[in-house]
Amino acid sequence: MTKIIKLDDLGAYYEDTVTSLLRGTVLELGVAIKKASPVDSGRFRMSWQIGQNGTAAGQLPPAPSSFYQKAKPRTSFYKDQGAGRMKTVGYQSGYENIGNSYYIHNNLPYAEALSYGTNLPPSWKKAGIRGSAQARIGWLDLIAKAQLRKTKSRLEHIRRKG
Amino acid sequence: MAAIVLNDVRQVIEERVNAELKKAPIIPVVFNNVPYTPTKELWVQCLVNFGSNTYLTLGGTTGSANMIDGIVVLNIFSEIGMGAGANLEVASRLRNLFNRVITSGVYFDAANGPDMQETSSPANYFQSQIRITFETVESL
């Protein structure tokens, strides 16, 4: 079936389609990063945030101690974000728009070690800071690459369909 | 054609790093799952990992093709308190080895980094990290 789009509406049609692609990409990437995040207490996983044209200055507060005493599976601490979503900075989740940059970031002091190392530095462990051995080598970059391929392929699909 | 031999891909990467770091000044390099006791001086850790696998063509276990993603992580450790110069010099050499290079059927992307790590692992080093994702085609 051929979709008929008036010449005047062509710009708006492409803008809507590409905006949907952007929203899907941000959401999918956020979920993929959270899912792959190594978990010990779960604070690292729940500390990812998405900023529109910027990043948050501080750390997200830890969950109250009662949260950690609950039997697994635990319920999401940030209930307002919905399952799998992240805390957003400067905009509302699901309302990403073209022309902005979105930064998925984690401000925990040990986020760098878990993201770019394979675990916490040994000296930190000696100091009694707990760690997780689940971090794979280069896991963040591999997720980004897989997502880039998906997004490119979808954009190609939009071009052909349009 | 046959399934990809992952060790061939690993060999392509490790041989390039090894050959580069054997040039003067020689810098010790350690690879995945190899024991190493670091000294205070400069040394490099080269890690290779494989990621997602996607269909390139339709088909089954023969006459089809897949795309395999992977990553090379190069950790460069130098003496603490001596500035970043020596570290970045090695980082430049290593970055140039892979930056958008195509070799032996392995397609390397633009290199990320060197990122200066706030806390080195192992501790008491000045550490920078280069990450280069790559892809290779598996023809079945």
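For the structure itself, consult the block above.
Residues numbered from 1 in each chain as written. Chains lettered and ligands numbered in written order. Predicted model: local features only at pLDDT ≥ 70, side-chain atom pairs only at ≥ 80, totals over all residues. Heavy atoms only, no water.

(A) Structural context of the layout of surface pockets. Residue and element names in this part refer to chain A. In this model, the largest pocket occupies a volume close to 780 Å³. Along the walls of the largest pocket sit 28 residues, with Leu29, Ile33, Tyr102, Ile104 and Ala144 positioned nearest its centre. Those elements giving two or more residues to the lining of the largest pocket turn out to be α1 (10–36), β3 (102–106), α4 (111–116) and α6 (139–161). Residue contributions to the lining of the largest pocket peak at 7 residues, all from α1. Residue classes in the lining of the largest pocket are distributed as 17 nonpolar, 7 polar and 4 charged. (1 Å grid on protein atoms, 1.4 Å probe; cavity = no way out; pocket = protein on both sides within 12 Å on 5 of 7 lines; lining within 4 Å. Points joined across faces, edges and corners; volume = space filled by probe spheres on them. Helix = DSSP H or I, 4+ residues; strand = E, 2+ residues; numbered from the N terminus. Nonpolar A, V, L, I, M, F, W, Y, C, P; charged D, E, K, R; others polar.)

(B) Representation of the side chain of A:Thr25 within the structure. Within the fold, A:Thr25 resides in helix α1. Setting aside anything within four residues of it in sequence, one finds A:Thr25 in contact with A:Gln147 and A:Thr151. (Contact = heavy atoms within 4.5 Å.)

(C) Summary view of the sheet that holds β3(A). Residues and elements named next belong to chain A. Spatially, the 3 strands line up as an open sheet ordered β2-β1-β3, and their pairing is mixed. Of all the strands in the sheet, just β2 (87–89) and β3 have a single pairing partner and so form its edges. Going from strand to strand, the sheet's axes swing by 30° on average, the running direction of each strand aside. Sheet topology places strand β1 (residues 48–52) next to β3; 5 bridges connect them, and they run antiparallel. (Pairing = 2+ DSSP bridges. Axes fitted to C-alpha atoms, helices over the stretch in contact; angles between N-to-C directions.)

(D) Structural view of α1(A). Over its 27 residues, α1(A) runs 39 Å from end to end, which matches the ideal 39 Å to within 8%, given 1.5 Å per residue. The inward-facing, buried residues of α1(A) abut α2 (43–46), β1, β3 and α6 of chain A. (Expected span 1.5 Å × (residues − 1).)

(E) Structural detail: the pattern of salt bridges. Following the criterion strictly, the structure yields 12 salt bridges over all chains and no others. Among the salt bridges present, the one from A:Glu28 reaches A:Lys150, with a minimum N-O distance of 3.9 Å. Placement of A:Glu28 in helix α1 and of A:Lys150 in helix α6 is noted, with a sequence separation of 122 residues between them. Salt-bridge contacts for A:Arg159 lead to A:Glu156; the nearest nitrogen and oxygen are separated by 3.3 Å. Highlighted residues: A:Arg159 and A:Glu156, both in helix α6, separated by 3 residues, approximately one helical turn. Its relative accessible area of 34% is what places A:Glu156 among the partly exposed residues. Bridged by salt links that share partners, the residues A:Lys145, A:Arg149, B:Asp69, B:Asp109 and B:Glu135 form one connected network. (Salt bridge = Lys/Arg side-chain N within 4 Å of Asp/Glu carboxyl O. Buried < 20%, exposed > 50% of the residue type's maximum accessible area, 1.4 Å probe, protein only.)

(F) Summary view of the interface of chain B and chain A. Across the contact, 27 residues belong to chain B and 15 residues belong to chain A. Both sides together, the interface formed by chain B and chain A hides about 1600 Å², and carbon and sulfur atoms give 53% of it. Connecting chain B to chain A are 5 salt bridges. The residue B:Arg131 makes a salt bridge to A:Asp141 at a minimum N-O spacing of 2.7 Å. (Buried area = accessible area lost by both parts, 1.4 Å probe.)

(G) Structural view of unusual backbone geometry. Residues and elements named next belong to chain B. Pro25 follows Ala24 through a cis peptide bond whose omega is -5°. Turning to its location among the elements, Pro25 is positioned in the loop between α1 (6–21) and β1 (29–31). Looking along the chain, the bond that leaves Gly113 and enters Pro114 is cis, with omega of 10°. Among the secondary structure elements, Pro114 is positioned in strand β6 (residues 112–116). The residue Asn33 is not glycine, and still its phi comes out positive at about 60°. Within the secondary structure, Asn33 is located in the loop between β1 and β2 (43–55). A positive phi angle, close to 60°, is found at Arg100, a residue other than glycine. Looking at the element boundaries, Arg100 is found in the loop between α2 (85–98) and β4 (102–103).

(H) Molecular detail of the packing of aromatic side chains. Inspection of the entire model under this criterion finds 11 aromatic pairs over all chains. Geometrically, the ring pair formed by A:Phe44 and A:Trp48 is edge-to-face, given 5.4 Å between the ring centres and 65° between the ring planes. Side by side, A:Phe44 and A:Trp48 carry an identical accessibility label, which is buried. Plain terms: the ring middles of B:Trp43 and B:Tyr125 are 5.8 Å apart, the flat faces sit at 80° to each other, and that makes the pair edge-to-face. A residue pair is termed long-range when its members are at least 10 positions apart, and B:Trp43 in strand β2 and B:Tyr125 in the loop between β6 and β7 (126–139) qualify at 82 residues. Taking relative accessible area as the criterion, B:Trp43 reaches 3% and is therefore assigned buried. The class of B:Tyr125 is buried, set by a relative accessible area of 12%. Through successive ring pairs, a cluster of aromatic residues spans B:Tyr36, B:Trp43, B:Phe77 and B:Tyr125. For B:Arg16, the ring lying beneath its charged end belongs to B:Phe98, and the centroid distance is 5.9 Å. (Phe/Tyr/Trp six-rings, centres within 6.5 Å; stacked < 30°, edge-to-face > 60°. Lys NZ or Arg CZ within 6 Å of the ring centre and 35° of its normal.)

Everything listed here is a matter of geometry and, on its own, says nothing about what the molecule does.
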